[in-house]
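Survey of secondary and tertiary structure
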Amino acid sequence: MIGGNVVKIHPSEITPEHIYLSRRRFLKGAAALAAATLAVAACGPEGSGPTAAPTAGPGLVSPSLPAPSAETDELGAALTSYEAITNYNNFYEFTTSKERVADLAKDFRTSPWEVQVGGLAGKPRVFGLEDLLEFEQEERIYRLRCVEAWSMVIPWVGFPLRRLLEEVEPLSGAQYVRFETLVDPEQMPGQERASFSWPYVEGLRLDEAMHDLTLLATGIYGKSLLPQNGAPVRLVVPWKYGFKSIKSIVKIDLVEEMPVSFWMASAPHEYGFYATVNPEVNHPRWSQATERRIGESGRMETLPFNGYAEEVAHLYEGMDLSQWY
Ligand code: MTE
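Cut-offs used in this document
Residue positions are given per chain, counted from 1 along the sequence in the order it is written. Selection of residues for local features in this predicted model requires a pLDDT of at least 70, selection of side-chain atom pairs for listing and counting requires 80 or more, and totals for whole chains, interfaces and linings are taken over all residues. Hydrogen atoms and water are omitted, and side-chain values are computed over all heavy atoms in the structure. The numbering of helices and of strands both runs from the N terminus, where a helix is a DSSP run of H or I of at least 4 residues and a strand a run of E of at least 2. Think of it in three bands: with a 1.4 Å probe and only protein chains considered, a residue is buried below 20% of the maximum accessible area for its type, exposed above 50%, and partly exposed in between. Strand pairing is defined by DSSP finding a minimum of two bridges between the two strands. Buried Ala, Val, Leu, Ile, Met, Phe, Trp, Tyr and Cys residues form a nonpolar core when they are joined through side-chain atoms within 4.5 Å. By definition, residues are in contact when any of their heavy atoms lie within 4.5 Å. We define a salt bridge as a contact between a side-chain nitrogen of Lys or Arg and a carboxyl oxygen of Asp or Glu at a distance within 4 Å. Two aromatic rings, drawn from Phe, Tyr or Trp (for Trp, its six-membered ring), form a pair once their centres lie within 6.5 Å of each other, and the interplanar angle then sorts them: stacked below 30 degrees, edge-to-face above 60, tilted otherwise. Between N-to-C directions, angles cover 0 to 180 degrees, with each direction set by a line fitted to C-alpha atoms, over the stretch in contact for helices. His is not counted, nor are the chain ends; Lys and Arg add positive charge and Asp and Glu add negative charge. Here a polar contact means two N or O atoms within 3.5 Å. Within protein one must be a hydrogen donor candidate and the other an acceptor candidate, and residues neighboring in sequence count only if both atoms are side-chain atoms.

Moving on, we get to the overall build of the protein. Tallying secondary structure elements over the protein gives eight helices and twelve strands in all. Burial analysis of the protein (325 residues in total) assigns 56% to the buried set.

Take unusual backbone geometry next. Omega for the peptide link from Ser111 to Pro112 comes to -5°, which places this bond in the cis form. With respect to the helices and strands, the residue Pro112 is situated in the loop between α3 (101-104) and β1 (114-119). In the segment running from Ala231 into Pro232, the intervening peptide bond is cis, with an omega of 0°. Looking at the secondary structure, you find Pro232 in the loop between β8 (223-224) and β9 (234-236). With a phi angle near 75°, Ala149 is a residue other than glycine that sits in the positive phi range. As for its placement among the helices and strands, Ala149 is situated in the loop between β3 (138-145) and β4 (150-160). Look at Asn306: it is not a glycine, yet its phi comes out positive at around 60°.

When you tally the buried positions in strand β6 (residues 201-205), you get five out of five residues, the bulk of the element. Here β6 shows a buried face lined by Val201, Gly203 and Arg205 and a second buried face lined by Glu202 and Leu204. Pairing of strand β5 (residues 176-181) with β6, which is carried by five bridges, proceeds in the antiparallel orientation. Paired with Tyr176 across the strands is Arg205, a residue of β6.

All right, on to the nonpolar core then. Burial of nonpolar side chains together is a common tendency in soluble globular proteins. Core analysis: the biggest nonpolar cluster contains 85 residues, and Leu161, Leu164 and Ile252 have the highest contact counts within it. Broken down by element, the residue count for this core peaks at six residues, all from β4. Discounting chain neighbours no more than four positions away, the residues touching Leu164 are Val117, Phe127, Leu132, Phe135, Phe159, Leu216 and Ile252.

What the rule picks out here adds up to 19 salt bridges. Ionic pairing is found between Glu169 and Lys123, a salt bridge with its closest N-O pair at 3.5 Å. Within this pair, whereas Glu169 is found in the loop between α5 (161-168) and β5, its partner Lys123 is found in the loop between β1 and β2 (125-128), the two being separated by 46 residues in sequence. In this structure Lys123 comes out as partly exposed when scored by relative accessible area, which is 48%.

Let us now look at the packing of aromatic side chains. Applying the stated criterion to the full structure yields 22 aromatic pairs. A centroid spacing of 5.1 Å and a plane angle of 90° characterise the contact between Phe262 and Trp263, whose relative ring orientation is edge-to-face. You'll find Phe262 and Trp263 in the same group, each marked buried. Aromatic ring contacts, followed pair by pair, group Tyr92, Phe196, Trp198, Tyr200, Phe243, Phe262, Trp263 and Tyr271 into a single cluster.

Okay, the sheet that holds β5 next. Strand order in the open sheet formed by five strands is β2-β1-β10-β5-β6, with mixed pairing between adjacent strands. Because the sheet does not close on itself, it has two edges, and the strands there are β2 and β6. Each adjacent strand pair in this sheet contributes to an overall mean axis angle of 15°, direction not counted. The pairing of β5 with strand β10 (residues 249-255) spans six bridges and is classified as antiparallel.

What follows concerns the side chain of Glu93. Along the polypeptide, Glu93 turns up in the loop between α2 (82-85) and α3. Buried and unpaired, Glu93 has Lys247 as its nearest opposite-charge partner, separated by 7.6 Å.

Moving on: the side chain of Thr181. Within the element layout of this structure, Thr181 appears in strand β5. Separated by 2.7 Å, the side chain of Thr181 and the backbone oxygen of Lys247 make a polar contact. Not counting chain neighbours up to four residues away, the residues in contact with Thr181 comprise Glu93, Met188, Pro199, Tyr200, Ile246, Lys247, Ser248, Ile249 and Val250.

For Arg178, the position within the fold is in strand β5. Put simply, Arg178 and Leu254 are 76 residues apart on the chain and 6.4 Å apart in space, counted from C-alpha to C-alpha. Sequence-distant contacts of Arg178, defined by excluding residues within four places in its chain, comprise Val201, Glu202, Gly203, Lys251, Ile252, Asp253, Val255 and Pro259. Polar side-chain contacts of Arg178 include one of 2.6 Å to the side chain of Glu180.

Structural data, given as structure tokens:
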């Protein structure tokens with residue numbers, strides 16, 4: 001929590017529900033038990049297997065999080081290498097070429113940075129990056145499943161979005177949360193492409209946004225986010241396709257109506273609002289049954305809700321998710 005009395009709880013003192021649940025599931029699997037420490041399980045190039053975490057440096061988010069506390073996610077899958085995570089990216093504001101994002105984004109200015117949080121909020125507020133880093137940062141190892149059928153396992157650093165939303169006190173009319181990325185064509189050459197309508201916008205239902213798995217990430221592998229990964233702050237929603245995890249956020253609004261996202265506006269027949277990972281519902285142009293894990297050979301089966309069904313399936317009870325890609 002920020003403001004008022006700040007009581008910092010070290011991550012090792014708490015066991016959030018999803019970690020507890022993930023652990024319990026992992027315990028059932030038994031064999032690789034030793035690897036299950038504080039891990040929860042999370043789109044990259046061929047031939048880039050897991051490597052050692054980068055050493056601590058000036059970009060360190062939190063001195064208490066110098067490196068991932070586990071080498072796998074809670075399902076036993078190896079972390080994707082830092083090199084792959086930072087060199088194979090989707091960030092259309094820079095380019096549609098995954099291998100060129102890192103280079104085109106290298107001089108992107110991420111400080112100073114402000115995020116306006118408001119809309120249907122009792123206490124709307126502008127948070128500087130320093131304020132965001134005041135929230136207790138924790139590690140979350142998540143699988144990231146891109147709608148293009150590739151995936152990675154990423155050790156994020158960040159804090160639950162819920163904590164930020166609680167600070168601004170959502171009003172009773174608030175039913176959705178709308179997010180916007182920075183617009184700055186001088187720095188982001190992809191924004192000069194008239195074929196898309198900027199800014200990049202995403203949205204969540206309020207209960208999805210308040211779920212403990214929903215993260216505002218500020219780092220990867222214990223280091224501050226690099227521009228190509230959405231610095232300085234981005235969303236991570238691990239049970240939804242990667243395009244929901246909007247990067248370089250400057251605005252968050254509590255709203256009454258379902259927001260129209262960048263991809264809903266750009267290709268309404270291919271991308272919907274919910275976009276939960278579902279191996280049984282194919283993209284109109286390709287299958288979603290399997291995925292390619294970056295750095296590994298072959299393909300693996302895609303799991304419903306990207307493997308987080310136990311934690312999130314209840315959010316969609318009674319809904320027919322087959323109509324949303
Ligand atoms: N956010 C913005 N602002 N612009 C984008 O082009 N791409 C999305 C998502 N967030 C995107 C974005 C897609 S399609 C994916 S798969 C993930 O970011 C990729 O995140 P990564 O490059 O950190 O792996």
